[in-house]
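What the coordinates show
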Amino acid sequence: MIKTVGIIGAGTMGSGIAQVAALARFEVVLHDVSAEALKKAMDRIKSDFRRSVERQKITATEATEALAAIHPRKDLHDLGDSDFIVEAAIEDLEVKRKIFKDLDQIVGPGVVLATNTSSLSITAVGSLTNTPECVVGMHFFNPAPVMKLVEVVRGKHTSDGTAKETCDLAVTMGKTPVVCKDTPGFIVNRVARPFYGEALRLLGEGVAPVEQIDRIVKAEGGFRMGPFELMDLIGIDVNYAVTKSVYDQFFHEPRFRPHPIQRQMVESGMLGRKTKKGFYSYEE
Ligand SMILES: NC(=O)c1ccc[n+]([C@@H]2O[C@H](COP(=O)([O-])OP(=O)(O)OC[C@H]3O[C@@H](n4cnc5c(N)ncnc54)[C@H](O)[C@@H]3O)[C@@H](O)[C@H]2O)c1
């Protein structure tokens, strides 16, 4: 039985998944290599819980209890007593591979090692572990506390038991799991690649400005957010890493090619909402 969920990476996604797990009454050990990231995550979680209480989505007692259940930790070894792991560190295959190799030595036998990767091969992420059957994709969407969908991605070696345990946990967390095969970008990020890519090409060719493309997509296409608003929410660095990863994994298939605008935004430190500047400005 799962009592404690270990979460690796306390950025946008890790902090959101920690909230979801704590509100579902799990103990949460939240690990990040950066003390600053852990502090920022705890501040963000506190303010999100406060807002949820104000909006009467949760009670003050639920917020206090959930906050007390989240334990920020800088040492990966503190995840040793976890019954289920969700990794949400940066989108870099070598970083994730190393984390999973280390986890293999730290957690107990049979503990599911899930990655929240948006695009990387689950099979590759788990390839240095001795238990590839316990490795699975558990892809939450941003913002994790709000979005219902969780893609449960089966790597080449993922066992039926691991996939089922992951689906069951997603349901306990109030989410809707959808099982899919290990393919670059899975379902949603594969479908979404041309959404961002064509918008960037329109912008790059000077066909229309950012605001106009977003407005038309929302007004006429019925989308909740335009491609540029969404890239700002996701993080332009994260979205760029996903685009590059899908492009590489499809052996440089032209339709998945990243756009130079993405690289330039990343190089200039304009990463979207998290840096208060992206395609739009979020200064006070
Ligand atoms: N942002 C999104 O919209 C979104 C949506 C779904 C999935 N994802 C995926 O979730 C993962 C995290 O994305 P994010 O947006 O939260 O990124 P982020 O940049 O906000 O946070 C990443 C965190 O990982 C930490 N980190 C880096 N190396 C680490 C290590 N070795 N061990 C532990 N922590 C480490 C960083 O300090 C940082 O706090 C990525 O794989 C991404 O593709 C992102």
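Residues numbered from 1 in each chain as written. Predicted model: local features only at pLDDT ≥ 70, side-chain atom pairs only at ≥ 80, totals over all residues. Heavy atoms only, no water.

Turning to the overall build of the protein, a few remarks are in order. In terms of helices and strands, the protein carries eleven helices and eight strands. Computed over its C-alpha atoms, the radius of gyration of the protein comes to 19 Å, within 12% of the 19 Å expected for a compact globule of 284 residues. Considering only C-alpha atoms, the protein reaches an extent of 55 × 45 × 30 Å along its principal axes. Across the 284 residues that make up the protein, the buried fraction comes to 47%. (Helix = DSSP H or I, 4+ residues; strand = E, 2+ residues; numbered from the N terminus. Rg over C-alpha atoms; globule rule 2.2 N^0.38 Å. Buried < 20%, exposed > 50% of the residue type's maximum accessible area, 1.4 Å probe, protein only.)

Moving on: the domain arrangement of the protein. On domain assignment, one finds that the protein holds domain 1 (4–181) and domain 2 (189–275). For domain 1 versus domain 2, the distance between C-alpha centres works out to 26 Å. Contact residues are listed per partner, giving seven residues for domain 1 and eight residues for domain 2. Taken together, both faces of the contact between domain 1 and domain 2 bury some 670 Å²; the carbon and sulfur share is 50%. Joining domain 1 to domain 2, the criterion identifies four residue pairs in polar contact (both at pLDDT 80 or more). Its residues assigned to classes, the side of domain 1 that touches domain 2 shows one nonpolar, five polar and one charged. (Domains from an automatic or database assignment. Contact = heavy atoms within 4.5 Å. Buried area = accessible area lost by both parts, 1.4 Å probe. Polar contact = N/O pair within 3.5 Å; in protein donor to acceptor, adjacent residues only side chain to side chain. Nonpolar A, V, L, I, M, F, W, Y, C, P; charged D, E, K, R; others polar.)

In the neighbourhood of the ligand, 26 residues make up the surrounding shell, with Met13, Asp32, Glu91, Lys96 and Ser118 lying closest. The backbone of threonine 12 places a nitrogen or oxygen atom 3.0 Å from an oxygen atom of the ligand. A distance of 2.7 Å is found between an oxygen atom of the ligand and a side-chain nitrogen or oxygen belonging to serine 118. Isolated, the ligand exposes 840 Å² of accessible area, and the fraction of that covered by the protein chains is 86%. Breaking the shell around the ligand down by element, the ones donating at least two residues are helix 1 (12–23), helix 4 (93–106) and strand 6 (135–140). Per-element tally for the shell around the ligand: the top contributor is helix 4, with three residues. For the shell around the ligand, the class distribution of residues is twelve nonpolar, ten polar and four charged. Counting contributing residues, the shell around the ligand receives three or more from each of domain 1 (4–181) and domain 2 (189–275). (Near = heavy atom within 4 Å. Areas by Shrake-Rupley, 256 points an atom, 1.4 Å probe, with all protein chains shown as cover.)

Burial along strand 4 (residues 84–87) is two-sided: Phe84 and Val86 and Ile85 and Glu87, pointing in opposite directions, are all buried. In this sheet, strand 4 lies alongside strand 1 (residues 4–8) in parallel orientation, the contact comprising four bridges. Its bridge partner being in strand 4, glycine 6 is matched across the sheet by isoleucine 85. As defined by bridge partners, strand 4 adjoins strand 5 (residues 112–115) across four bridges and the pair is classed as parallel. The residue of strand 5 that forms the bridge with glutamate 87 is threonine 115. In the classification by handedness, the crossover that spans strand 4, the intervening helix 4 and the parallel strand 5 is right-handed. (Pairing = 2+ DSSP bridges. Right-handed = clockwise from strand over helix to strand, strands pointing away.)

This paragraph deals with the nonpolar core. The tendency in soluble globular proteins is for nonpolar side chains to be buried as a group. Of all hydrophobic cores here, the largest spans 38 residues; its most connected members are Ile17, Leu30, Ile70, Phe84, Met138, Phe140 and Met173. For this core, the element with the most residues is helix 1, which contributes six residues. When residues no more than four places from it in sequence are discounted, the contact partners of phenylalanine 84 are Ile2, Thr4, Val5, Gly6, Val111, Val112, Ala114, Met138, Glu165, Thr166 and Leu169. Residues Ile85, Leu103, Val135 and Cys180 belong to the second largest nonpolar core, which totals 19 residues. (Core = buried A, V, L, I, M, F, W, Y, C linked by side-chain atoms within 4.5 Å.)

Tracing the sequence through the fold places asparagine 142 in the loop between strand 6 and strand 7 (149–154). In this structure, asparagine 142 is in contact with Thr12, Met13, Met147, Leu233 and Ile234, ignoring residues within four places of it in sequence.

Our focus in this paragraph is the sheet that holds strand 7. Spatially, 3-2-1-4-5-6-7-8 is the arrangement adopted by the eight strands of the open sheet, whose pairing is mixed. Across the chains shown, the open sheet's two edge strands, defined by having one partner strand only, are strand 3 (70–73) and strand 8 (176–181). Strand-to-strand twist of the sheet, defined as the mean angle between neighbouring strand axes without regard to direction, takes the value 25 degrees. Two elements, strand 1 and strand 2 (residues 27–31), share five bridges in a ladder whose sense is parallel. By the bridge assignment for strand 2, isoleucine 7 is matched with leucine 30. (Axes fitted to C-alpha atoms, helices over the stretch in contact; angles between N-to-C directions.)

On the surface, Val178, Ile187 and Val191 cluster together into a nonpolar patch covering about 240 Å² of accessible area. Considering the arrangement of structural elements, one finds valine 191 in helix 7 (residues 188–204). For valine 191, a relative accessible area of 61% gives the class exposed. (Patch = residues over 30% accessible without salt bridge, like charges linked within 9 Å, V, L, I, M, F, W, Y side chains within 5 Å. Salt bridge = Lys/Arg side-chain N within 4 Å of Asp/Glu carboxyl O.)

Another point: helix 11 (residues 260–267). Of all the positions in helix 11, only Ile261, Gln262 and Met265 are classed as buried. All buried residues of helix 11 lie within an arc of 100 degrees about the axis, which places them on one face of the element. Those residues of helix 11 that are exposed and angled more than 90 degrees off the buried face are Pro260, Gln264 and Glu267. Those residues of helix 11 that are buried lie in contact with helix 7 and helix 10 (236–249). The positive-phi residue at the C-terminal boundary of helix 11 is glycine 269, with phi of around 75 degrees. (Arc of directions from axis to C-beta.)

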